[in-house]
Amino acid sequence: DSVIKEGEWLLSQIPKKTELYKYTLFWLTLNAQQSKIMGMDKVFVHFVMNHHMKGDAFWMSPDELTKYYEEALRKSPNLVGSVAPELVLKDTADNVHRLSDFKAKYTLLVFWEPTCGHCMQEVPRIDSVYHADLKAKGVRLIGIRTDDPVETWKDFIKKHKLSEWTHLYDPDRTSNYQSKYDVRTTPSIYLLDENKIIIGKRLDYSNIATVIDITERKKAQQTSSKK
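Reference entry: report on the structure contained in this document.

Cut-off values and rules
- Residues numbered from 1 in each chain as written.
- Predicted model: local features only at pLDDT ≥ 70, side-chain atom pairs only at ≥ 80, totals over all residues.
- Heavy atoms only, no water.
- Pairing = 2+ DSSP bridges.
- Helix = DSSP H or I, 4+ residues; strand = E, 2+ residues; numbered from the N terminus.
- Axes fitted to C-alpha atoms, helices over the stretch in contact; angles between N-to-C directions.
- Contact = heavy atoms within 4.5 Å.
- Buried < 20%, exposed > 50% of the residue type's maximum accessible area, 1.4 Å probe, protein only.
- Expected span 1.5 Å × (residues − 1).
- Arc of directions from axis to C-beta.
- Left-handed = near helix turned anticlockwise from the far one by under 90°.
- Nonpolar A, V, L, I, M, F, W, Y, C, P; charged D, E, K, R; others polar.
- Phe/Tyr/Trp six-rings, centres within 6.5 Å; stacked < 30°, edge-to-face > 60°.
- Lys NZ or Arg CZ within 6 Å of the ring centre and 35° of its normal.

### Some remarks on the sheet that holds strand S3 (residues 106-112)
Spatial ordering of the open sheet is given by S2-S1-S5-S4-S3-S6-S7, a layout of seven strands whose pairing is mixed. Because the sheet does not close on itself, it has two edges, and the strands there are strand S2 (96-98) and strand S7 (198-201). Neighbouring strand axes in the sheet, compared pairwise and without regard to direction, differ in orientation by 30° on average. Taken strand by strand, helix H5 (residues 117-134) contacts S3, strand S4 (139-145) and strand S6 (188-192), and its axis lies near 165° from that of S3. Here helix H8 (residues 208-226) sits on the sheet and contacts S3, S4, S6 and S7; the angle it forms with S3, its principal contact strand, is near 155°.

As structure tokens, then:
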């Protein structure tokens, strides 16, 4: 939010259709697009939707603008601070569940597939961190299968004793989770608060607890400041 505010102020001081305006808008957008800082995709979406799509990126071709617009559309439903998109999925027994029905202080969504090399390492690590720390913090684990045969998925769950997870999948391909959560690689991990607000994304086993601790400190500071 601070980057958006200051970026907008900076652009407001520069005449449009100038090289300086071009350079400034280009840098603000590209810096946000390439940033490794969680949450900076919100900056990218803001500048694309409020400037590029309104004719301010006068130097870009229609094809280039289309690529920016499509990327912003992929990111906009799953920005940090937004309500997590609803999902309707089935469990291993083909019972139907809605994401909004799960009640927990924190919900960790893990989109994964059992033969993905990174997933084969990351999922057991997340399970270990869960038992060591996350469970005590009120985290609920929801694993969402993205690919591979169902039996391979179930065998992996059994082999690694992932019994405290809620395991879901989309056999009917009706949930549109790939688009809603921009799942282009696996594992893709999202952390939600008790109101299903996205507070973390693109995480790994090593930083989930850190995001929760930061969230808890912010809540404590806000509570303290109101007294």
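Once you've had a look at it, read on.
### Thoughts on the environment of Tyr-106
The topology assignment puts Tyr-106 in strand S3. Classification of Tyr-106 by relative accessible area gives buried; the value is 0%. Expressed as a C-alpha distance, the spacing of Tyr-106 and Ile-212, which sit 106 residues apart in the sequence, is 8.4 Å. Setting aside residues no more than four positions away along its own chain, Tyr-106 makes contact with Lys-137, Gly-138, Val-139, Arg-140, Leu-191, Leu-192, Asp-193, Ile-199, Ile-212, Thr-215, Glu-216 and Lys-219.

### Looking at helix H2 (residues 19-34)
For H2, spanning 16 residues, the distance from its first C-alpha to its last is 22 Å, which sits close to the expected 22 Å at 1.5 Å a residue. For H2, the set of buried residues is Tyr-21, Thr-24, Leu-25, Leu-28, Thr-29 and Ala-32. End-on, the buried residues of H2 take up no more than an arc of 115°, which puts them together on one face. Exposed side chains of H2 directed beyond 90 degrees from the buried face belong to Glu-19, Leu-20, Tyr-23 and Gln-34.

### Brief notes about the side chain of His-51
Here His-51 is to be found in the loop between helix H3 (41-50) and helix H4 (62-75). In this structure His-51 comes out as buried when scored by relative accessible area, which is 7%. Among residues more than four places away in sequence, those in contact with His-51 are Glu-8, Leu-11, Tyr-21, Leu-25, Asp-56 and Ala-57.

### Description of the packing of helix H1 (residues 2-12) against H3
Here H1 crosses H3 at 35°, and the two axes come no closer than 10 Å. Crossing geometry of H1 relative to H3 is assigned as right-handed. Together, Val-3, Ile-4, Gly-7, Glu-8 and Leu-11 of H1 and Lys-42, Val-43, His-46, Phe-47 and Asn-50 of H3 make up the contact between the two elements. By residue class, the composition of the contact of H1 with H3 is five nonpolar, three polar and two charged.

### Brief notes about the environment of Ser-175
Relative to the helices and strands, Ser-175 is located in the loop between strand S5 (166-169) and helix H7 (177-180). Judged by its relative accessible area of 5%, Ser-175 is buried. For Ser-175 and Tyr-21, which are 154 residues apart along the polypeptide, the C-alpha to C-alpha distance reads 41 Å. In contact with Ser-175, other than residues within four places in its own chain, are Leu-87, Val-88, Leu-89, Asp-170 and Lys-180.

### Some points on unusual backbone geometry
Cis geometry is found at the peptide bond from Thr-186 to Pro-187, where omega equals 0°. Structurally, the position occupied by Pro-187 is in the loop between H7 and S6. Not every positive phi belongs to a glycine, and Asp-148 is a case in point at roughly 80°. Inspection of the secondary structure puts Asp-148 in the loop between S4 and helix H6 (150-159). The backbone of Arg-173 shows a phi angle near 55°, a positive value even though the residue is not glycine. By the element assignment, Arg-173 lies in the loop between S5 and H7. Residue Arg-173 is classed as exposed on the basis of its relative accessible area, which comes to 69%.

### A few points about the packing of aromatic side chains
The full count for this structure, using the stated rule, is eight aromatic pairs. With centroids separated by 5.3 Å and ring planes inclined at 90°, the aromatic side chains of Phe-58 and Trp-59 adopt a geometry described as edge-to-face. According to the relative accessible area criterion, Trp-59 is partly exposed, its value standing at 23%. Residues Phe-111 and Tyr-177 carry aromatic rings whose centres are separated by 5.7 Å and whose planes lie at 20° to one another, so their mutual orientation is stacked. Pair noted here: Phe-111 is in strand S3 and Tyr-177 is in helix H7, with a separation of 66 residues, a long-range link. Phe-111 sits in the buried class, given a relative accessible area of 0%. Put simply, the rings of Phe-111, Tyr-177, Tyr-181 and Tyr-190 pair up and form one aromatic cluster. When the ring centre of Trp-153 is taken as origin, the NZ or CZ atom of Arg-145, which lies over that ring, is 5.9 Å away.

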